[in-house]
Amino acid sequence: TQLLEQSPQFLSIQEGENLTVYCNSSSVFSSLQWYRQEPGEGPVLLVTVVTGGEVKKLKRLTFQFGDARKDSSLHITAAQPGDTGLYLCAGDAGGTSYGKLTFGQGTILTVHP
Amino acid sequence: EAGVAQSPRYKIIEKRQSVAFWCNPISGHATLYWYQQILGQGPKLLIQFQNNGVVDDSQLPKDRFSAERLKGVDSTLKIQPAKLEDSAVYLCASCLQWGGDTEAFFGQGTRLTVV
């Protein structure tokens, strides 16, 4: 079973601060996704990265896939209270496990006004 | 476009009772997943279907959990008998056909409490 370790598990910051969430594994993934989940809802996809070294930007969010496709990071600039939620990374191992999404344990982000 | 529908939203049962959850994926989506999410943790894959065939059920506790997707459309997940540690949110997700940049769409989940 391939594991994804997310850090930190909890993050409590003030509005306007920057933050980075990390997702690490000893395994290679063919693609990696980031989701955001609000209480009482299912996860919603933010981005998919598929190429080693790839960087994608979504407004104030920047996602990076490691060169070796084993790790990823999510950076939020000037966090807002609306960014509060559970952030999850999920990897697809590919090969015989094609399409099997393995999730990290999540990072609970709280942004205080 | 309608999203992934799940029912019920909430269920409270006593331990050793049985329970079933239902999922209707987005129309045309070939891949369907059931995940278990314990409070404050990431979802754990229980079973993955491709049309009506099982792709992966390696983490499904088969002594008490079962799932089916008979016609390749909607799916049911059953627990019999339930244990206290089964208390969690059960999420259903679907995607069109997995391939690189495919997005998985999740339902709102069923929150199960076993007392």
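Preceding this paragraph is the structure being described.
The shown structure was predicted, so the numbers you read here are calculated from the model rather than taken from an experiment.

### So, the sheet that holds strand E3 (residues 19–24) of chain A
Residues and elements named next belong to chain A.
So, step 1. Strand order in the open sheet made by the five strands is E1-E3-E8-E7-E6, with antiparallel pairing throughout. At either margin of the open sheet sits one strand with a lone partner, and together these are strand E1 (5–7) and strand E6 (55–58). Neighbour-to-neighbour, the strand axes of this sheet turn through a mean angle of 15 degrees, independent of strand direction.
So, step 2. As paired strands, E1 and E3 are joined by three bridges and run antiparallel to one another. Its bridge partner lying in E3, Ser7 is registered against Tyr22.

### Observations regarding the nonpolar core
So, step 1. Ranked by internal contacts, the top residues of the largest apolar core, which has 21 residues, are B:Phe21, B:Trp34, B:Leu77, B:Ile79, B:Tyr90 and B:Leu112.
So, step 2. Going through the elements one at a time, strand E3 (19–24), strand E4 (31–37), strand E5 (44–50), strand E8 (75–79), strand E9 (88–95) and strand E11 (110–114) of chain B are the ones with two or more residues in this core.
So, step 3. Beyond its immediate sequence surroundings of up to four residues, B:Phe21 is in contact with B:Ser7, B:Pro8, B:Trp34, B:Ser75, B:Thr76, B:Leu77, B:Ile79, B:Tyr90, B:Thr110 and B:Leu112.
So, step 4. Ranked by size, the runner-up nonpolar core spans 20 residues in total, among them A:Phe29, A:Phe63, A:Ala79 and A:Val111.

### Considerations on the side chain of B:Asp56
So, step 1. Relative to the helices and strands, B:Asp56 resides in strand E6 (residues 53–56).
So, step 2. Note on B:Asp56: relative accessible area 15%, which makes it buried.
So, step 3. At 2.8 Å, the side chain of B:Asp56 and the side chain of B:Ser58 are in polar contact.
So, step 4. Apart from residues lying up to four places away in sequence, B:Asp56 is in contact with A:Lys100, B:Leu46, B:Ile47 and B:Gln48.

Rules used in this analysis
Residues numbered from 1 in each chain as written. Chains lettered and ligands numbered in written order. Predicted model: local features only at pLDDT ≥ 70, side-chain atom pairs only at ≥ 80, totals over all residues. Heavy atoms only, no water. Pairing = 2+ DSSP bridges. Helix = DSSP H or I, 4+ residues; strand = E, 2+ residues; numbered from the N terminus. Axes fitted to C-alpha atoms, helices over the stretch in contact; angles between N-to-C directions. Core = buried A, V, L, I, M, F, W, Y, C linked by side-chain atoms within 4.5 Å. Buried < 20%, exposed > 50% of the residue type's maximum accessible area, 1.4 Å probe, protein only. Contact = heavy atoms within 4.5 Å. Polar contact = N/O pair within 3.5 Å; in protein donor to acceptor, adjacent residues only side chain to side chain.

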